[in-house]
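This is what each chain is made of:
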Amino acid sequence: MPMELDRKALKARVRERMREAQPPFWLVTLAFLLMTTGLSTAGKLSGAAYIALPPGPEDTIPMFLALLIGLLTVVFQFGYQNWALDLYRGREPGYGALLDGFSIAGRLVLMEVYIAVYTTLWALAVMLPACLVIIALLPTMAAFLLLSLALPLAAQVVTAVVSYRYAMAPYRLMDHPELGPFSAIRGSVAMMRGWKWQLFRLDLTFLGWFVLNLVLSTGVQLPFLWAALQPILQTGVSSGDILLSTQLELSWAAVLLSVLIQIPVTLWLTPCRTISYAGFYQALTDRPAPPPPVWNGPYDGPYSGPDL
């Protein structure tokens with residue numbers, strides 16, 4: 001029997017919860033974005049969290065700040081997901097929900113590390129055989145071009161698909177705070193068995209909004225890129241050198257404008273998608289348990305073997 005999710009009903013309920021949210025969903029989302037994306041962007045623009053490659057001894061403080069921002073992002077992300085789940089369930093979570101992750105910060109970080117490792121290993125298990133087959137069957141230049149152009153995109157797709165296995169782990173930890181990080185992950189894997197395609201289809205309903213944000217961001221960046229290209233083109237540099245040129249790094253004004261122009265869409269898209277994920281988790285939680293198996297064979301007397 002195919003597993004189906006009523007996406008229309010789920011998203012209708014999400015929109016209803018967003019309308020009823022107090023404080024308004026966009027204010028909570030703005031606070032969340034300021035504490036995550038805003039903090040990260042400020043660290044990069046100021047250079048305080050910029051790490052050179054390869055890092056040197058002078059990068060100790062930037063590495064510490066980048067790690068701290070990453071840890072805070074994990075904790076605030078969990079708090080925002082907790083806010084979304086409470087909102088979907090008809091409660092009235094406030095700004096304080098964003099801080100709920102600090103009480104289990106250690107388990108959250110371990111869970112995210114486990115998920116990153118497992119996702120990487122699964123992606124490698126899928127990608128490595130494919131790469132070996134391409135290298136074995138195609139000529140050297142054709143294999144190089146195919147791997148150079150298609151491999152990054154394929155790796156992102158495989159990683160995204162694999163990540164669906166662990167998408168419900170944070171919600172498991174919200175409902176069962178006594179669980180360890182590995183137990184939450186195993187619970188997510190069990191819940192998502194047979195439901196990954198449905199979550200993928202739910203994600204597809206938001207694709208247009210992501211494309212709109214990409215178009216807005218690219219539209220802001222193009223004039224700055226064109227201005228940076230002019231002096232390089234006038235020197236007669238080849239197109240290959242232009243692509244590798246470090247002079248094409250965007251200015252802080254371009255980065256800032258690129259972030260700001262996405263805010264109106266992001267303030268709607270982020271809560272809508274996050275609350276939809278919470279609703280997906282709730283739908284899986286509310287599923288009736290499968291009936292126990294029925295033995296249709298002949299009766300051959302009471303069982304007298306060891307306890308199972």
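Residues numbered from 1 in each chain as written. Predicted model: local features only at pLDDT ≥ 70, side-chain atom pairs only at ≥ 80, totals over all residues. Heavy atoms only, no water.

A. Expanded view of the nonpolar core. Among the nonpolar cores identified, the biggest contains 55 residues, and Trp83, Met168, Leu199 and Phe280 are the most heavily contacted of them. Here the element with the most residues in this core is helix H12 (residues 263-285); it accounts for ten residues. (Core = buried A, V, L, I, M, F, W, Y, C linked by side-chain atoms within 4.5 Å. Buried < 20%, exposed > 50% of the residue type's maximum accessible area, 1.4 Å probe, protein only. Helix = DSSP H or I, 4+ residues; strand = E, 2+ residues; numbered from the N terminus.)

B. View of the environment of Ala169. Inspection of the secondary structure puts Ala169 in helix H6 (residues 169-175). Classification of Ala169 by relative accessible area gives buried; the value is 0%. In this structure the C-alpha to C-alpha distance between Ala169 and Met111, which are 58 residues apart in sequence, comes to 8.2 Å. Setting aside residues no more than four positions away along its own chain, Ala169 makes contact with Met111, Ile115, Ala184, Ile185 and Ser188. (Contact = heavy atoms within 4.5 Å.)

C. Representation of the pattern of salt bridges within the structure. Taken as a whole and judged by the stated rule, the model has five salt bridges. Across the salt bridge formed by Glu16 and Arg17, the nearest N and O atoms sit 3.9 Å from each other. Residues Arg91 and Asp86 are paired through a salt bridge, measuring 2.8 Å at the closest nitrogen-oxygen approach. Salt bridges here are not isolated pairs; linked through shared partners, they connect Glu16, Arg17 and Glu20. (Salt bridge = Lys/Arg side-chain N within 4 Å of Asp/Glu carboxyl O.)

D. The packing of aromatic side chains, seen in detail. All told, the structure shown has eleven aromatic pairs when counted by the stated rule. Plain terms: the ring middles of Tyr114 and Tyr118 are 6.2 Å apart, the flat faces sit at 20° to each other, and that makes the pair stacked. Placement of the pair is Tyr114 and Tyr118 together in helix H4 (residues 105-137), with a separation of four residues, close to one helical turn. Accessibility expressed as a relative area gives 24% for Tyr118, which makes it partly exposed. Connected via pairs of aromatic rings, a cluster forms that spans Tyr114, Tyr118, Tyr166 and Phe182. It is Lys11 that lies over the ring of Phe206; its NZ or CZ is 4.2 Å from the centre. Here the guanidinium or amino end of Arg13 rests over the ring plane of Tyr88, the centre of that ring lying 4.6 Å away. (Phe/Tyr/Trp six-rings, centres within 6.5 Å; stacked < 30°, edge-to-face > 60°. Lys NZ or Arg CZ within 6 Å of the ring centre and 35° of its normal.)

E. Seen up close, the side chain of Asp86. Topologically, Asp86 is positioned in helix H3 (residues 60-88). Relative accessible area serves as the criterion here: at 15%, Asp86 is assigned to the buried category. Setting aside residues no more than four positions away along its own chain, Asp86 makes contact with Arg91 and Pro93.

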